[in-house]
Amino acid sequence: MVVSYFNRVLGVEINTRSLMVRTPRDYVDETVSILRRHWHPNRRSYTIIEIERLTGRLGHISATAPWLKFMLSQVYTSVAAGLKYIEGRLICHNKDFRWLLKK
């Protein structure tokens, strides 16, 4: 690591002159692009890997944007509700899933 007033460490830009810590602009722009392309208002379903990637990116950004943490709780609640719904359907309709739960 170079000794400087400005460093990028673990995906976060640290500027000791202005005492600022922020998420790199390109990372935020890429996340906004993903939101606009894939998470539009007409979307009705998602896969676990898609929501996992989105919440991971938003969680990383929320380390430097405290207001985002409050919005993430809604995302986590929605994901938990979706998983609970799927679990109920699997218990009712999937013999292999019920067998795995017994183990």
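In short, a report on the structure. (Residues numbered from 1 in each chain as written. Predicted model: local features only at pLDDT ≥ 70, side-chain atom pairs only at ≥ 80, totals over all residues. Heavy atoms only, no water.)

Turning our eyes to something else, we now look at the overall build of the protein. Helix and strand counts for the protein stand at 4 helices and 3 strands. For the protein, the α and β elements follow one another from N to C terminus as β-β-β-α-α-α-α. Radius of gyration (C-alpha) of the protein: 19 Å, far over the 13 Å computed for a compact globule of 103 residues. Projected onto the principal axes, the alpha-carbon positions of the protein cover approximately 60 × 35 × 20 Å. By the burial criterion, 19% of the 103 residues in the protein qualify as buried. Restricting to contacts in the protein with at least 6 residues of sequence separation, those with at least 24 account for 34%. On the protein, roughly 8,400 Å² of surface is accessible, and the fraction owed to carbon and sulfur atoms is 61%. (Helix = DSSP H or I, 4+ residues; strand = E, 2+ residues; numbered from the N terminus. Rg over C-alpha atoms; globule rule 2.2 N^0.38 Å. Buried < 20%, exposed > 50% of the residue type's maximum accessible area, 1.4 Å probe, protein only. Contact = heavy atoms within 4.5 Å. Areas by Shrake-Rupley, 256 points an atom, 1.4 Å probe, with all protein chains shown as cover.)

With that settled, the discussion passes to the side chain of threonine 55. By the secondary structure assignment, threonine 55 is in helix 2 (residues 48–62). For threonine 55, the side chain forms a polar contact with the main-chain oxygen of glutamate 52, separated by 3.1 Å. In this structure, threonine 55 is in contact with Val75 and Tyr76, ignoring residues within four places of it in sequence. (Polar contact = N/O pair within 3.5 Å; in protein donor to acceptor, adjacent residues only side chain to side chain.)

The full count for this structure, using the stated rule, is 1 aromatic pair. Note on tryptophan 39 and tyrosine 46: the rings are 5.9 Å apart at their centroids and 45° apart in plane angle, and the pair reads as tilted. A residue is classified by how much of its surface remains accessible, and tryptophan 39, at 23% relative accessible area, is partly exposed. Sitting over the face of the ring of tyrosine 5, arginine 17 holds its NZ or CZ atom 3.8 Å from the ring centroid. (Phe/Tyr/Trp six-rings, centres within 6.5 Å; stacked < 30°, edge-to-face > 60°. Lys NZ or Arg CZ within 6 Å of the ring centre and 35° of its normal.)

Approximately 440 Å³ is the volume attributed to the largest pocket. Around the largest pocket, the lining comprises 23 residues; the ones closest to its centre are Leu35, Leu58, Trp67, Leu68 and Met71. Here the element with the most residues in the lining of the largest pocket is helix 3 (residues 66–93); it accounts for 8 residues. Looking at the lining of the largest pocket, its residues break down into 17 nonpolar, 5 polar and 1 charged. (1 Å grid on protein atoms, 1.4 Å probe; cavity = no way out; pocket = protein on both sides within 12 Å on 5 of 7 lines; lining within 4 Å. Points joined across faces, edges and corners; volume = space filled by probe spheres on them. Nonpolar A, V, L, I, M, F, W, Y, C, P; charged D, E, K, R; others polar.)

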